[in-house]
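Survey of secondary and tertiary structure
Listed below, chain by chain, are the residues.
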Amino acid sequence: MIFPLLALSALSLGALAQNSSGSSVFTKYTISAPGINASFIPYGARLTNLLVPDKNGKTQDVILGYDSGTTYLNDTETDHTYFGAVVGRYANRIKNGTFTVQGVTSHIPENEHGGEDTLHGGNVGYDQRNWTVVSSNTSSITFSLLDQGYEGFPGTVITYATYTVSSGPTWTSRLVSIPLDEPTPIMLANHVYWNLDAFSNPSDLTILNDTLHMPYSARYVQIDNIEVPNGTIGIVNGSSLDFTSPKQIGRDILNAIDDCGFNCTGYDNAFILDRPRYSAPEATDISVLTMYSNVTGIQLDVYTNQQSLQLYACDNLNGTIPVKMSQQHGNSTSYVPKFGCLVIETQQWIDGINNPQWGQDQYQIYTPTTQPAVNFAQYDFSIVGS
(Lines give C-alpha, C1' and ligand atoms only; values in the text may rest on other atoms or scores of the structure.)
Protein backbone atom coordinates (compact mmCIF):
# COMPACT_ATOMS: atom_id res chain seq x y z
CA MET A 1 0.00 0.00 0.00
CA ILE A 2 1.87 3.08 -1.22
CA PHE A 3 0.37 6.53 -0.99
CA PRO A 4 3.10 9.03 -1.95
CA LEU A 5 2.79 12.47 -0.36
CA LEU A 6 -0.75 11.87 0.89
CA ALA A 7 0.12 13.18 4.32
CA LEU A 8 1.85 16.29 3.03
CA SER A 9 -0.90 17.09 0.55
CA ALA A 10 -3.49 17.06 3.31
CA LEU A 11 -1.49 18.43 6.23
CA SER A 12 1.13 21.15 6.11
CA LEU A 13 4.69 20.21 7.00
CA GLY A 14 4.53 22.72 9.83
CA ALA A 15 1.46 21.04 11.27
CA LEU A 16 3.21 17.70 11.07
CA ALA A 17 6.24 19.03 12.91
CA GLN A 18 4.46 20.31 16.01
CA ASN A 19 1.39 19.58 18.04
CA SER A 20 -0.77 22.13 19.84
CA SER A 21 1.66 22.37 22.76
CA GLY A 22 4.50 23.34 20.42
CA SER A 23 6.54 20.18 21.00
CA SER A 24 7.50 17.83 18.19
CA VAL A 25 4.93 15.17 17.31
CA PHE A 26 7.89 12.84 16.82
CA THR A 27 9.22 13.22 20.37
CA LYS A 28 9.15 9.92 22.27
CA TYR A 29 7.36 9.66 25.62
CA THR A 30 8.36 6.66 27.72
CA ILE A 31 6.37 5.05 30.52
CA SER A 32 7.46 2.13 32.68
CA ALA A 33 6.55 -0.30 35.43
CA PRO A 34 8.32 -3.35 36.86
CA GLY A 35 9.18 -5.62 33.91
CA ILE A 36 7.87 -3.37 31.13
CA ASN A 37 8.86 -0.20 29.29
CA ALA A 38 6.82 1.44 26.49
CA SER A 39 7.45 4.47 24.26
CA PHE A 40 5.00 6.52 22.19
CA ILE A 41 4.94 9.50 19.84
CA PRO A 42 1.98 11.89 19.28
CA TYR A 43 2.04 11.26 15.52
CA GLY A 44 -0.77 8.72 15.33
CA ALA A 45 -0.78 8.22 19.15
CA ARG A 46 1.70 5.56 18.16
CA LEU A 47 3.46 2.82 20.13
CA THR A 48 7.12 2.77 19.01
CA ASN A 49 8.81 0.43 21.50
CA LEU A 50 7.63 -2.21 23.96
CA LEU A 51 10.28 -3.91 26.07
CA VAL A 52 9.71 -6.95 28.30
CA PRO A 53 12.08 -9.61 29.72
CA ASP A 54 12.68 -12.93 28.00
CA LYS A 55 13.23 -16.35 29.62
CA ASN A 56 16.83 -15.41 30.44
CA GLY A 57 15.89 -12.08 31.98
CA LYS A 58 17.18 -10.10 28.98
CA THR A 59 15.02 -7.20 27.86
CA GLN A 60 13.54 -7.60 24.36
CA ASP A 61 11.68 -5.11 22.14
CA VAL A 62 8.75 -7.16 20.82
CA ILE A 63 7.13 -4.73 18.35
CA LEU A 64 8.15 -3.36 14.97
CA GLY A 65 8.86 0.29 14.27
CA TYR A 66 11.64 2.78 13.67
CA ASP A 67 14.43 4.21 15.81
CA SER A 68 13.74 7.79 14.72
CA GLY A 69 10.30 9.35 15.18
CA THR A 70 10.58 11.26 11.91
CA THR A 71 10.99 8.00 9.98
CA TYR A 72 7.29 7.32 10.60
CA LEU A 73 6.46 10.28 8.36
CA ASN A 74 8.65 8.85 5.62
CA ASP A 75 6.87 5.52 6.10
CA THR A 76 3.50 7.25 5.64
CA GLU A 77 4.70 8.65 2.32
CA THR A 78 6.09 5.33 1.04
CA ASP A 79 5.25 1.90 2.52
CA HIS A 80 2.47 3.20 4.79
CA THR A 81 2.66 0.30 7.22
CA TYR A 82 0.64 2.00 10.01
CA PHE A 83 3.34 0.76 12.43
CA GLY A 84 2.03 1.05 16.01
CA ALA A 85 -0.61 3.69 15.27
CA VAL A 86 -4.26 4.19 16.16
CA VAL A 87 -6.28 3.72 12.96
CA GLY A 88 -9.68 5.32 12.42
CA ARG A 89 -12.21 6.97 12.45
CA TYR A 90 -13.18 3.58 11.07
CA ALA A 91 -10.54 0.84 11.10
CA ASN A 92 -10.14 -1.75 8.39
CA ARG A 93 -12.18 -1.62 5.17
CA ILE A 94 -15.36 0.10 4.00
CA LYS A 95 -16.90 -1.24 0.79
CA ASN A 96 -16.90 1.42 -1.93
CA GLY A 97 -16.01 3.98 0.73
CA THR A 98 -19.74 4.48 1.32
CA PHE A 99 -22.20 3.96 4.19
CA THR A 100 -25.59 5.26 5.27
CA VAL A 101 -26.46 6.22 8.85
CA GLN A 102 -30.02 7.24 9.74
CA GLY A 103 -30.82 8.00 6.11
CA VAL A 104 -27.71 10.10 5.45
CA THR A 105 -25.14 8.67 3.03
CA SER A 106 -21.46 9.52 3.45
CA HIS A 107 -18.62 8.91 1.04
CA ILE A 108 -15.05 8.49 2.31
CA PRO A 109 -12.04 8.61 -0.06
CA GLU A 110 -11.22 5.15 -1.40
CA ASN A 111 -7.50 4.81 -0.72
CA GLU A 112 -6.93 1.13 -1.49
CA HIS A 113 -7.03 -1.22 -4.50
CA GLY A 114 -7.09 1.58 -7.04
CA GLY A 115 -10.07 3.35 -5.51
CA GLU A 116 -12.25 0.31 -4.77
CA ASP A 117 -12.50 0.64 -0.98
CA THR A 118 -11.52 2.72 2.04
CA LEU A 119 -8.81 1.47 4.39
CA HIS A 120 -8.24 2.73 7.97
CA GLY A 121 -10.17 5.98 7.64
CA GLY A 122 -9.26 7.33 4.21
CA ASN A 123 -6.37 9.28 2.74
CA VAL A 124 -5.39 10.92 6.03
CA GLY A 125 -6.59 8.71 8.87
CA TYR A 126 -5.94 8.93 12.59
CA ASP A 127 -2.50 7.36 12.05
CA GLN A 128 -1.36 10.57 10.28
CA ARG A 129 -2.91 13.02 12.74
CA ASN A 130 -1.07 14.98 15.40
CA TRP A 131 -2.52 13.90 18.72
CA THR A 132 -2.15 16.08 21.82
CA VAL A 133 -0.63 14.81 25.04
CA VAL A 134 -3.18 15.81 27.69
CA SER A 135 -1.82 13.86 30.65
CA SER A 136 1.17 11.73 31.55
CA ASN A 137 3.01 10.25 34.48
CA THR A 138 5.64 7.56 34.94
CA SER A 139 3.31 4.68 34.03
CA SER A 140 0.52 6.20 31.91
CA ILE A 141 -0.03 8.65 29.06
CA THR A 142 -3.19 10.03 27.45
CA PHE A 143 -3.48 11.53 23.97
CA SER A 144 -6.49 13.34 22.52
CA LEU A 145 -7.69 14.07 19.00
CA LEU A 146 -10.55 16.33 17.90
CA ASP A 147 -11.90 15.03 14.60
CA GLN A 148 -14.06 17.72 12.99
CA GLY A 149 -15.34 15.62 10.13
CA TYR A 150 -12.03 14.34 8.78
CA GLU A 151 -12.22 12.58 5.42
CA GLY A 152 -15.97 13.19 5.08
CA PHE A 153 -17.12 11.28 8.17
CA PRO A 154 -20.25 12.84 9.68
CA GLY A 155 -20.02 15.11 12.70
CA THR A 156 -17.33 15.87 15.24
CA VAL A 157 -15.74 13.23 17.46
CA ILE A 158 -13.28 13.64 20.30
CA THR A 159 -11.12 10.64 21.15
CA TYR A 160 -8.89 9.90 24.13
CA ALA A 161 -6.21 7.23 23.86
CA THR A 162 -4.90 6.20 27.28
CA TYR A 163 -1.98 3.80 27.52
CA THR A 164 -0.90 2.33 30.85
CA VAL A 165 1.79 -0.13 31.89
CA SER A 166 1.76 -2.08 35.14
CA SER A 167 3.57 -4.91 36.84
CA GLY A 168 2.60 -8.27 35.46
CA PRO A 169 3.97 -7.07 33.11
CA THR A 170 0.94 -5.60 31.31
CA TRP A 171 0.21 -2.95 28.69
CA THR A 172 -3.37 -1.62 28.64
CA SER A 173 -4.94 0.46 25.87
CA ARG A 174 -8.23 2.37 26.20
CA LEU A 175 -9.57 4.20 23.16
CA VAL A 176 -12.64 6.26 24.10
CA SER A 177 -14.49 8.18 21.38
CA ILE A 178 -17.37 10.60 21.99
CA PRO A 179 -19.51 11.95 19.12
CA LEU A 180 -20.43 15.56 19.86
CA ASP A 181 -23.17 16.42 17.37
CA GLU A 182 -24.15 13.78 14.76
CA PRO A 183 -24.63 10.01 14.44
CA THR A 184 -21.48 8.42 13.06
CA PRO A 185 -19.65 5.12 12.65
CA ILE A 186 -16.71 4.71 15.04
CA MET A 187 -14.37 1.75 15.07
CA LEU A 188 -10.79 2.34 16.18
CA ALA A 189 -7.93 -0.14 16.57
CA ASN A 190 -4.28 -0.27 17.61
CA HIS A 191 -2.20 -1.35 14.62
CA VAL A 192 0.76 -2.97 16.39
CA TYR A 193 3.14 -5.38 14.64
CA TRP A 194 4.40 -8.11 16.98
CA ASN A 195 7.48 -10.31 16.87
CA LEU A 196 7.90 -12.09 20.21
CA ASP A 197 11.23 -13.53 19.03
CA ALA A 198 12.41 -9.88 18.85
CA PHE A 199 14.42 -10.95 15.76
CA SER A 200 16.91 -12.60 18.15
CA ASN A 201 17.40 -15.69 15.98
CA PRO A 202 19.39 -14.52 12.92
CA SER A 203 18.72 -17.81 11.11
CA ASP A 204 14.95 -17.30 11.23
CA LEU A 205 13.48 -13.79 11.54
CA THR A 206 9.89 -14.90 10.88
CA ILE A 207 7.11 -15.66 13.36
CA LEU A 208 6.27 -18.95 11.64
CA ASN A 209 7.55 -21.08 14.54
CA ASP A 210 5.64 -19.08 17.15
CA THR A 211 2.56 -20.77 18.59
CA LEU A 212 -0.87 -19.13 18.33
CA HIS A 213 -4.13 -20.04 20.06
CA MET A 214 -7.54 -18.36 19.63
CA PRO A 215 -9.99 -20.63 21.48
CA TYR A 216 -13.08 -18.49 20.78
CA SER A 217 -12.50 -17.92 17.06
CA ALA A 218 -14.39 -20.72 15.34
CA ARG A 219 -15.85 -18.29 12.78
CA TYR A 220 -14.43 -15.61 10.52
CA VAL A 221 -15.63 -12.89 8.13
CA GLN A 222 -15.37 -14.05 4.54
CA ILE A 223 -13.98 -11.60 2.00
CA ASP A 224 -13.87 -10.97 -1.74
CA ASN A 225 -10.77 -10.66 -3.93
CA ILE A 226 -9.83 -7.24 -2.48
CA GLU A 227 -10.34 -8.19 1.18
CA VAL A 228 -13.74 -6.52 1.55
CA PRO A 229 -16.40 -8.61 3.35
CA ASN A 230 -18.77 -10.38 0.98
CA GLY A 231 -21.53 -10.60 3.60
CA THR A 232 -21.01 -14.21 4.61
CA ILE A 233 -19.54 -15.83 7.71
CA GLY A 234 -17.21 -18.82 7.42
CA ILE A 235 -16.26 -21.67 9.75
CA VAL A 236 -12.55 -22.23 10.43
CA ASN A 237 -12.87 -25.95 11.19
CA GLY A 238 -10.85 -27.97 8.69
CA SER A 239 -9.21 -24.89 7.16
CA SER A 240 -5.81 -23.24 7.45
CA LEU A 241 -7.51 -20.51 9.54
CA ASP A 242 -8.24 -22.83 12.46
CA PHE A 243 -6.38 -21.71 15.60
CA THR A 244 -9.00 -22.92 18.08
CA SER A 245 -6.31 -25.32 19.31
CA PRO A 246 -2.70 -24.18 19.72
CA LYS A 247 -0.55 -24.54 16.61
CA GLN A 248 2.51 -22.98 15.04
CA ILE A 249 1.64 -20.02 12.83
CA GLY A 250 3.60 -21.48 9.93
CA ARG A 251 2.05 -24.94 10.01
CA ASP A 252 -0.72 -24.18 7.52
CA ILE A 253 0.12 -20.70 6.28
CA LEU A 254 1.30 -21.79 2.83
CA ASN A 255 -2.06 -23.49 2.37
CA ALA A 256 -3.87 -20.21 3.07
CA ILE A 257 -4.13 -19.35 -0.61
CA ASP A 258 -6.52 -16.52 -1.55
CA ASP A 259 -7.84 -16.41 2.04
CA CYS A 260 -6.24 -12.97 2.31
CA GLY A 261 -7.40 -11.76 -1.10
CA PHE A 262 -6.76 -12.72 -4.71
CA ASN A 263 -3.32 -14.22 -5.38
CA CYS A 264 -2.38 -13.81 -1.71
CA THR A 265 -0.85 -16.50 0.48
CA GLY A 266 -0.97 -15.92 4.22
CA TYR A 267 -3.25 -14.45 6.85
CA ASP A 268 -5.12 -11.14 6.74
CA ASN A 269 -8.46 -12.10 8.21
CA ALA A 270 -11.09 -10.97 10.71
CA PHE A 271 -11.78 -13.69 13.28
CA ILE A 272 -15.03 -13.47 15.22
CA LEU A 273 -14.88 -13.81 19.01
CA ASP A 274 -17.76 -16.01 20.16
CA ARG A 275 -17.64 -15.43 23.89
CA PRO A 276 -19.85 -13.39 26.24
CA ARG A 277 -19.53 -9.64 25.76
CA TYR A 278 -18.94 -7.94 29.08
CA SER A 279 -20.93 -4.97 30.40
CA ALA A 280 -17.84 -2.86 31.05
CA PRO A 281 -14.44 -2.75 29.31
CA GLU A 282 -12.63 -3.35 32.60
CA ALA A 283 -14.54 -6.63 33.15
CA THR A 284 -12.60 -8.58 30.51
CA ASP A 285 -11.03 -11.59 32.21
CA ILE A 286 -10.84 -14.20 29.44
CA SER A 287 -7.82 -14.35 27.16
CA VAL A 288 -9.02 -14.39 23.54
CA LEU A 289 -5.56 -14.88 22.03
CA THR A 290 -2.36 -16.46 23.27
CA MET A 291 0.90 -16.36 21.35
CA TYR A 292 4.34 -17.43 22.49
CA SER A 293 7.89 -17.70 21.21
CA ASN A 294 10.04 -20.77 21.75
CA VAL A 295 13.10 -18.61 21.10
CA THR A 296 12.61 -15.99 23.83
CA GLY A 297 9.98 -17.80 25.89
CA ILE A 298 7.84 -14.65 25.86
CA GLN A 299 4.10 -15.30 25.95
CA LEU A 300 1.43 -12.73 25.07
CA ASP A 301 -2.18 -12.98 26.21
CA VAL A 302 -4.76 -10.56 24.79
CA TYR A 303 -7.95 -9.49 26.58
CA THR A 304 -10.49 -7.17 24.95
CA ASN A 305 -14.12 -6.02 24.98
CA GLN A 306 -14.24 -6.19 21.17
CA GLN A 307 -15.96 -8.90 19.12
CA SER A 308 -13.32 -9.53 16.47
CA LEU A 309 -9.59 -9.86 15.92
CA GLN A 310 -8.02 -8.89 12.61
CA LEU A 311 -4.78 -10.81 12.12
CA TYR A 312 -2.22 -9.92 9.45
CA ALA A 313 0.89 -12.10 9.14
CA CYS A 314 2.94 -9.49 7.26
CA ASP A 315 2.32 -11.33 4.00
CA ASN A 316 3.33 -8.31 1.92
CA LEU A 317 6.59 -7.33 3.63
CA ASN A 318 9.60 -8.05 1.46
CA GLY A 319 12.79 -7.52 3.44
CA THR A 320 13.30 -3.82 2.68
CA ILE A 321 12.46 -2.40 6.15
CA PRO A 322 15.29 -2.69 8.72
CA VAL A 323 14.53 -3.83 12.24
CA LYS A 324 15.26 -1.39 15.06
CA MET A 325 18.73 -1.11 16.59
CA SER A 326 17.35 -2.72 19.75
CA GLN A 327 16.48 -5.78 17.62
CA GLN A 328 19.75 -6.12 15.67
CA HIS A 329 21.49 -9.26 16.92
CA GLY A 330 24.02 -10.05 14.19
CA ASN A 331 27.04 -8.36 12.64
CA SER A 332 25.01 -7.12 9.67
CA THR A 333 21.71 -5.23 9.49
CA SER A 334 18.61 -7.39 9.67
CA TYR A 335 15.47 -6.61 7.68
CA VAL A 336 11.85 -7.60 8.28
CA PRO A 337 11.05 -10.53 5.98
CA LYS A 338 7.76 -11.84 4.67
CA PHE A 339 5.93 -13.40 7.64
CA GLY A 340 8.27 -11.50 9.96
CA CYS A 341 5.50 -10.20 12.22
CA LEU A 342 1.88 -10.53 13.25
CA VAL A 343 -0.55 -7.61 13.50
CA ILE A 344 -3.33 -8.11 16.06
CA GLU A 345 -6.18 -5.59 15.80
CA THR A 346 -8.92 -5.74 18.45
CA GLN A 347 -12.04 -4.33 16.80
CA GLN A 348 -15.66 -4.98 15.85
CA TRP A 349 -16.76 -6.86 12.72
CA ILE A 350 -15.11 -5.39 9.62
CA ASP A 351 -17.48 -3.29 7.47
CA GLY A 352 -20.37 -4.08 9.80
CA ILE A 353 -21.88 -0.72 8.83
CA ASN A 354 -22.58 -2.13 5.36
CA ASN A 355 -23.83 -5.53 6.53
CA PRO A 356 -26.97 -4.91 8.62
CA GLN A 357 -27.74 -8.64 8.74
CA TRP A 358 -24.92 -8.97 11.29
CA GLY A 359 -26.62 -6.72 13.84
CA GLN A 360 -23.48 -4.67 14.47
CA ASP A 361 -25.02 -1.18 14.53
CA GLN A 362 -25.16 -0.95 18.32
CA TYR A 363 -21.40 -1.59 18.43
CA GLN A 364 -20.42 0.64 15.51
CA ILE A 365 -22.90 3.54 15.25
CA TYR A 366 -22.74 6.19 18.00
CA THR A 367 -24.59 9.44 18.69
CA PRO A 368 -24.35 12.22 21.28
CA THR A 369 -26.97 10.34 23.36
CA THR A 370 -25.36 6.87 23.32
CA GLN A 371 -22.53 5.59 25.43
CA PRO A 372 -19.10 6.42 24.00
CA ALA A 373 -17.29 4.00 21.76
CA VAL A 374 -14.74 2.17 23.90
CA ASN A 375 -12.04 -0.13 22.60
CA PHE A 376 -10.38 -1.79 25.60
CA ALA A 377 -7.40 -4.08 25.10
CA GLN A 378 -5.04 -5.59 27.65
CA TYR A 379 -1.76 -7.29 26.76
CA ASP A 380 -0.28 -9.54 29.44
CA PHE A 381 3.27 -10.86 29.17
CA SER A 382 4.75 -13.90 30.86
CA ILE A 383 7.27 -16.67 30.27
CA VAL A 384 5.74 -19.73 28.66
CA GLY A 385 5.44 -22.62 31.08
CA SER A 386 6.08 -20.49 34.14
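Read on for an overview of the structure. Model, not experiment: these values are computed from the prediction. (Residues numbered from 1 in each chain as written. Predicted model: local features only at pLDDT ≥ 70, side-chain atom pairs only at ≥ 80, totals over all residues. Heavy atoms only, no water.)

As for unusual backbone geometry
Phi is mostly negative for residues that are not glycine, and the peptide bonds are mostly trans. Cut-off, in case you're wondering: Numbering of helices and strands runs from the N terminus, with a helix taken as a DSSP run of H or I at least four residues long and a strand as a DSSP run of E at least two residues long. Each residue is placed in one exposure class: buried if its accessible area under a 1.4 Å probe, protein chains only, is under 20% of its type's maximum, exposed if it is over 50%, and partly exposed if it falls in between.
Here the amide bond leading from Gly88 into Arg89 is cis, since omega sits at 15 degrees, within 30 degrees of zero. Note on placement: Arg89 falls in the loop between strand E5 (85–87) and strand E6 (93–95). In this structure, the amide linkage connecting Gly168 to the following residue, Pro169, adopts the cis form with an omega of -10 degrees. You can see Pro169 is positioned in the loop between strand E12 (156–166) and strand E13 (170–179). Positive phi, normally seen in glycine, also occurs at His113, with a value near 55 degrees. Looking at the secondary structure, you find His113 in the loop between strand E8 (104–107) and strand E9 (117–119). Residue class for His113 comes out partly exposed when judged on its relative accessible area of 32%.

Section: the pattern of salt bridges
Condition: By definition, a salt bridge exists where a carboxyl oxygen of Asp or Glu is found within 4 Å of a side-chain nitrogen of Lys or Arg.
Summed over all chains, the structure comprises eight salt bridges. Ionic pairing is found between Asp147 and Arg89, a salt bridge with its closest N-O pair at 2.9 Å. Of this pair, Asp147 sits in strand E11 (residues 140–148) while Arg89 is found in the loop between E5 and E6, placing the two residues 58 residues apart along the sequence. Comparing Asp147 with Arg89 shows no difference in burial state: the two are buried. One salt bridge connects Glu112 with Arg93, and the closest N-O pair in it is separated by 2.8 Å. Highlighted residues: Glu112 in the loop between E8 and E9 and Arg93 in strand E6, separated in sequence by 19 residues. By relative accessible area, which is 5% here, Arg93 ends up buried. By sharing partners, the salt bridges in this structure join Arg93, Glu112 and Glu227 into a single network.

Focus on the state of the cysteines
As a reminder of what qualifies: Cysteine sulfur pairs qualify as disulfides if the two atoms are within 2.5 Å.
One pass over the structure, following the stated rule, counts two disulfides. Residue pairing for Cys260: its cysteine sulfur links by disulfide to Cys264, the two sulfurs lying 1.9 Å apart. Handedness of the Cys260-Cys264 disulfide follows from its S-S torsion of about -100 degrees: it is left-handed. Paired by a disulfide, Cys314 and Cys341 hold their sulfur atoms 1.9 Å apart. Judged by the torsion about the S-S bond (-120 degrees), the Cys314/Cys341 disulfide is left-handed. With Cys314 in the loop between strand E24 (308–312) and strand E25 (342–347) and Cys341 in the loop between E24 and E25, this pair connects stretches of sequence that are 27 residues apart. Each bonded cysteine in the protein gets a number by its place in the sequence, and the pairs come out as 1-2, 3-4.

A look at the packing of aromatic side chains
Heads up, the rule is: Aromatic pairing here means that ring centres of Phe, Tyr or Trp (its six-membered ring) are within 6.5 Å. Orientation follows from the plane angle: under 30 degrees is stacked, over 60 is edge-to-face, and everything else is tilted.
One pass over the full model with this rule turns up 15 aromatic pairs. Arranged with centres 4.7 Å apart and planes meeting at 90 degrees, the rings of Phe83 and Tyr193 form a pair that is edge-to-face. Highlighted residues: Phe83 in the loop between helix H3 (71–77) and E5 and Tyr193 in strand E16 (residues 193–194), separated in sequence by 110 residues. Like Tyr193, Phe83 is buried. Ring geometry for Tyr126 and Trp131: centres 5.9 Å apart, planes at 80 degrees, overall edge-to-face. Accessibility classification places Tyr126 together with Trp131 in one group, the buried group. One aromatic cluster is present, built from ring pairs that chain together Phe40, Phe143, Tyr163, Trp171, Trp194, Tyr379 and Phe381.

Observations concerning the sheet that holds E11
The test is simple: Strand pairing is assigned whenever DSSP detects at least two bridges linking the two strands.
The strand order across the open sheet built from nine strands is E10-E11-E12-E13-E27-E23-E22-E17-E20, with neighbouring strands paired in antiparallel fashion. At either margin of the open sheet sits one strand with a lone partner, and together these are strand E10 (132–136) and strand E20 (247–248).

Digging into the pairing of E13
The two faces of a sheet get side chains in turn, since along a regular strand they alternate between them. Burial runs high along E13: seven of the 10 residues are buried. Where E12 folds back onto E13 in an antiparallel hairpin, the turn is made up of three residues, including Gly168, whose phi is positive at roughly 160 degrees. Summarising the sheet, E13 and strand E27 (residues 373–383) pair through eight bridges and their orientation is antiparallel. The partner of Thr172 across the bridge, within E27, is Gln378.

Honestly, that's just the spatial picture; any functional story needs more than this.
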